[in-house]
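Coordinate inspection notes
Here are the chains, one letter per residue:
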Amino acid sequence: EPEVTQTPSHQVTQMGQEVILRCVPISNHLYFYWYRQILGQKVEFLVSFYNNEISEKSEIFDDQFSVERPDGSNFTLKIRSTKLEDSAMYFCASRGAPAEAFFGQGTRLTVV
Amino acid sequence: EDQVTQSPEALRLQEGESSSLNCSYTVSGLRGLFWYRQDPGKGPEFLFTLYSAGEEKEKERLKATLTKKESFLHITAPKPEDSATYLCAVQAGNFNKFYFGSGTKLNVKP
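To start, this report covers the structure provided alongside it. Note that the structure is predicted; figures quoted are calculated from it, not measured.

Definitions and cut-offs
Residues numbered from 1 in each chain as written. Chains lettered and ligands numbered in written order. Predicted model: local features only at pLDDT ≥ 70, side-chain atom pairs only at ≥ 80, totals over all residues. Heavy atoms only, no water. Helix = DSSP H or I, 4+ residues; strand = E, 2+ residues; numbered from the N terminus. Rg over C-alpha atoms; globule rule 2.2 N^0.38 Å. Buried < 20%, exposed > 50% of the residue type's maximum accessible area, 1.4 Å probe, protein only. Areas by Shrake-Rupley, 256 points an atom, 1.4 Å probe, with all protein chains shown as cover. Lys, Arg positive; Asp, Glu negative; His and termini not counted. Charge placed at Lys NZ, Arg CZ, Asp CG, Glu CD. Contact = heavy atoms within 4.5 Å. Polar contact = N/O pair within 3.5 Å; in protein donor to acceptor, adjacent residues only side chain to side chain. Phe/Tyr/Trp six-rings, centres within 6.5 Å; stacked < 30°, edge-to-face > 60°. Lys NZ or Arg CZ within 6 Å of the ring centre and 35° of its normal. Pairing = 2+ DSSP bridges. Disulfide = S-S within 2.5 Å.

1. Some thoughts on the overall build of chain A
- Per the secondary structure count, chain A includes zero helices and 11 strands.
- Walking chain A from its N terminus toward its C terminus, one meets helices and strands in the order β-β-β-β-β-β-β-β-β-β-β.
- Scaling as 2.2 N^0.38, a compact globule of 112 residues should have a C-alpha radius of gyration of about 13 Å, and chain A matches this with 13 Å.
- Along the three orthogonal principal directions, the C-alpha set of chain A runs to about 40 × 25 × 25 Å.
- Considering chain A as a whole, with its 112 residues, one finds that 46% of them fall into the buried category.
- Element-wise, carbon and sulfur atoms account for 46% of the exposed surface of chain A, whose accessible area totals about 5700 Å².
- Treating the 10 positive side-chain charges of chain A as one cloud and the 14 negative ones as another, the clouds have centres 2 Å apart.

Put into C-alpha cells, the structure is as follows:
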C-alpha cells in the first residue's frame, strides 16, 4: 500500500543550526503539507504546497522556514536557524484527488 | 475563527464497554471531516472521511457519523488494541488545509 515516507525519524540539532526534514509523498498526489505537533499539543498546520509553490502557510511558518520540491519525488522542510521551541514532531502529508490526506510517521526534532 | 473541539479529552473504558467520542466544529467552507487514529510517537492514521450531514461510515468496531455541527465516533465493544488518541480534522478553504482537534485519548482496559 502506498505510504508517505519521512526521514530521519529522529533528528537532534544544536540551537541555531539548519535542519532539513525530508519526505517522499505518495506518487501521483498533488497536494503536500507539513504539520507539526509539539509534545502534548494538537497537530498544527504549517504549510501547504501545490503546483510547485506554497498555496497557504500559517503564522508559525515564518522566514526561518522554507519548503522545496527539488525533484519529482521529494518534499523538504528546511528550518534555517533552529530554536528550542522548534522541538516537535513534524509530519508530512500528501493528498490526491480524494479529500483525505495521508500522513508520514513523522520526524522527531529535538533542538538542544 | 475556524475551530475544532473534541470531547472528552480522555476516556477510560473496560473492554466491551461501548461509547462515543465527539467532535464539534465551526468552519466556513467545509470540504470534509476526517477521523484519524494516532498511536504514541506515530503519525495520524486515516480512518474515515465524511462529507455531508447524515453520512455514516463503518470500519470494524468503529462507526463515524456527521451532522451540520458535529461528528461522533462510536466505538462498539472496544478491545485493548483500540487504545490510542483519536483525532478529528476538518478540511476547509481553497487549498483544503486541515484543522485538527486536540484529540481524545482512549484507554481500553482488559
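After presenting the structure, the write-up continues.
2. Digging into the overall build of chain B
- Check the secondary structure of chain B and you find zero helices and 11 strands.
- Its helices and strands in sequence order give chain B the pattern β-β-β-β-β-β-β-β-β-β-β, from N to C terminus.
- Against the compact-globule benchmark of 13 Å for 110 residues, chain B has a radius of gyration of 13 Å, which places it among compact chains.
- In terms of overall dimensions, chain B has C-alpha extents of about 45 × 30 × 20 Å along its principal axes.
- A total of 110 residues make up chain B; the buried ones form 46% of that total.
- Restricting to contacts in chain B with at least 6 residues of sequence separation, those with at least 24 account for 55%.
- Surface accessibility of chain B: about 5500 Å² in total, with carbon and sulfur atoms responsible for 46%.
- Seen as two clouds, the 14 positive and the 14 negative side-chain charges of chain B have centres 2 Å apart.

3. A closer look at the side chain of B:Glu55
Residues and elements named next belong to chain B.
- Within the element layout of this structure, Glu 55 appears in the loop between β5 (45-50) and β6 (56-59).
- Of note is the side chain of Glu 55, whose polar atom sits 2.6 Å from the backbone nitrogen of Tyr 51.
- Apart from residues no more than four positions distant in its own chain, Glu 55 is found in contact with Thr 49, Leu 50, Ala 64, Thr 65 and Leu 66.

4. Here we look at the packing of aromatic side chains
- In total, this model carries 16 aromatic pairs over all chains according to the counting rule given.
- When the ring of A:Phe49 is compared with that of A:Phe75, the centres are 5.3 Å apart and the planes differ by 45 degrees; the resulting orientation is tilted. Taken together, the residues A:Phe49 in strand β5 (residues 44-50) and A:Phe75 in strand β8 (residues 75-79) connect sequence positions 26 residues apart.
- Its relative accessible area of 6% is what places A:Phe49 among the buried residues.
- A residue is classified by how much of its surface remains accessible, and A:Phe75, at 0% relative accessible area, is buried.
- Here the aromatic residues A:Tyr33, A:Tyr35, A:Phe45, A:Phe102, A:Phe103, B:Phe34, B:Tyr36, B:Phe46, B:Phe98 and B:Phe100 are joined through ring pairs into a cluster of three or more.
- Above the ring of A:Tyr31, the side-chain terminus of A:Arg95 is found at 4.0 Å from the ring centroid.

5. Here we look at the environment of B:Gly32
Residues and elements named next belong to chain B.
- Position of Gly 32 among the secondary structure elements: in strand β4 (residues 30-38).
- Given a relative accessible area of 0%, Gly 32 falls into the buried group.
- Dropping the residues within four chain positions of it, Gly 32 is found in contact with Leu 50, Tyr 51, Ala 89, Val 90 and Gln 91.

6. Quick word on the pairing of β6(B)
All names here are of chain B.
- Relative to strand β7 (residues 62-66), β6 runs antiparallel, the two being bridged by four bridges. When the sheet's bridge partners are listed, Glu 56 is paired in β7 with Thr 65.
- Two successive antiparallel strands, β6 and β7, enclose a turn made up of two residues, where Glu 60 displays a positive phi of approximately 55 degrees.

7. A few points about the state of the cysteines
- Enumeration according to the criterion identifies two disulfides over all chains in this entry.
- With its sulfur 1.9 Å from that of its partner, A:Cys23 forms a disulfide with A:Cys92. Here the disulfide of A:Cys23 and A:Cys92 is left-handed, its torsion about the S-S bond being about -60 degrees. Placement of A:Cys23 in strand β3 (residues 19-24) and of A:Cys92 in strand β9 (residues 88-95) is noted, with a sequence separation of 69 residues between them.
- Disulfide pairing places B:Cys23 opposite B:Cys88 at an S-S distance of 1.9 Å. Disulfide B:Cys23-B:Cys88: the torsion about the S-S bond is -55 degrees, which places it as left-handed. Placement of the pair is B:Cys23 in strand β3 (residues 19-26) and B:Cys88 in strand β9 (residues 84-92), with a sequence separation of 65 residues. Each of the two residues, B:Cys23 as well as B:Cys88, counts as buried.

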